[in-house]
Amino acid sequence: MAERPEDLNLPNAVITRIIKEALPEGVNISKEARSAISRAASVFVLYATSCANNFAMKGKRKTLNASDVLSAMEEMEFQRFVTPLKEALEAYRREQKGKKEASEQKKKDKDKKTDSEEQDKSRDEDNDEDEERLEEEEQNEEEDVDN
Amino acid sequence: MAAAVAAAAGSGPAREEDSSAGEAAAPQPQAPTSTPGARLSRLPLARVKALVKADPDVTLAGQEAIFILARAAELFVETIAKDAYCCAQQGKRKTLQRRDLDNAIEAVDEFAFLEGTLD
């Protein structure tokens, strides 16, 4: 491999936290063991990616998708991960959907306000940054909108 | 409760990641959820994505795929830590050592792909 896996490490703090939560109270981990686990996690991701990519190529797709990864888990004999991963995926999809709907709703609200502002709009025609004008009037409601 | 305080205090001095990039300070770029059960991913998706892109055969990876890989990596860390702990327990030690990890890798078939990669 040209790329060295150890250059693509995952953050130590997060790895340590995951380990500590997996182990009983009072159990410690040596620095060497922790960094070895961190490297192992990187190798795991690389290996899983490679396996998943095989499934994508079999399906004549160029983009890795979730089911490729799940198939890779089974291939790597980590079937026990499949169920929790499927649950996590569903939760993730719900959250993404919720985020999308929330931002679409905000867009709708923004458009409504823009329409009512049309009378005052004398300067700019295509005004993407509505915050500047609205800031003076409806600052409270528009506070969340950060573009 | 004393144990929780001790654990919290114990995690303080263990922080040796000052030398690592600033990303260690921001492990959760995704919107944090308040309910613990809904905590989706602790590993930063950007880092996982970097690992995925390191594979020359991979063209593109969807966001869901990256997310599942991150979650799978977390599960993997939990699994290997627990398996390594079994070895330490047999030695009646309370600190996980590197050799516990090596033993686990040799003992568990699923970890065979790790052999020779951690040195």
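Sequence order sets the numbering: in each chain, residues are counted from 1 along the sequence as written. Working convention: letters from A go to chains and numbers from 1 go to ligands, in the order in which they are written. A pLDDT threshold of at least 70 governs which residues receive local features in this predicted model, and a stricter bar of 80 or more applies before side-chain atom pairs are shown or counted, although totals over entire chains, interfaces and linings include all residues. With hydrogens and water stripped out, all remaining heavy atoms of the structure feed into the side-chain values.

- The name given to chain B in an unreviewed UniProt entry is DNA polymerase epsilon subunit 4, with the source organism recorded as Sus scrofa.
- UniProt positions are given in the numbering used here, feature names are shortened, and annotations may be inferred rather than shown by experiment. Check the Subunit (unreviewed entry) section of the UniProt entry for chain B; it says "Component of the DNA polymerase epsilon complex consisting of four subunits: the catalytic subunit POLE and the accessory subunits POLE2, POLE3 and POLE4. Interaction with POLE3 is a prerequisite for further binding with POLE and POLE2."
- Among the UniProt annotations of chain B, the heading Subcellular location (unreviewed entry) holds the following wording: "Nucleus".

- As recorded in an unreviewed UniProt entry, chain A goes by the name DNA polymerase epsilon subunit 3, listed as coming from Catagonus wagneri.
- On record in UniProt, under Subcellular location (unreviewed entry), the comment for chain A is "Nucleus".

1. Focus: the packing of aromatic side chains
Then, in step 1: Stacked, tilted and edge-to-face pairs are distinguished by plane angle, under 30 degrees for stacked and over 60 for edge-to-face with tilted covering the rest, among Phe, Tyr and Trp rings (Trp via its six-membered ring) whose centres lie within 6.5 Å. What the rule picks out here adds up to 12 aromatic pairs over all chains.
Then, in step 2: On the basis of an interplanar angle of 85° and a centroid distance of 5.5 Å, the ring pair of A:Phe44 and A:Phe78 is categorised as edge-to-face. Placement of A:Phe44 in helix α2 (residues 31–58) and of A:Phe78 in the loop between α3 (66–75) and α4 (79–117) is noted, with a sequence separation of 34 residues between them.
Then, in step 3: Working definition: with a 1.4 Å probe on protein chains only, accessible area under 20% of the residue-type maximum means buried, over 50% means exposed, and in between means partly exposed. When its relative accessible area of 0% is taken as the criterion, A:Phe44 is described as buried.
Then, in step 4: With a centroid separation of 6.1 Å and an interplanar angle of 85°, the aromatic rings of A:Phe78 and B:Phe76 are classed as edge-to-face. A residue pair is termed interchain when its members come from two chains, as with A:Phe78 in the loop between α3 and α4 and B:Phe76 in helix α3 (residues 63–90). Helix and strand assignments come from DSSP, with helices taken as H or I runs of at least 4 residues and strands as E runs of at least 2, each series counted from the N terminus.

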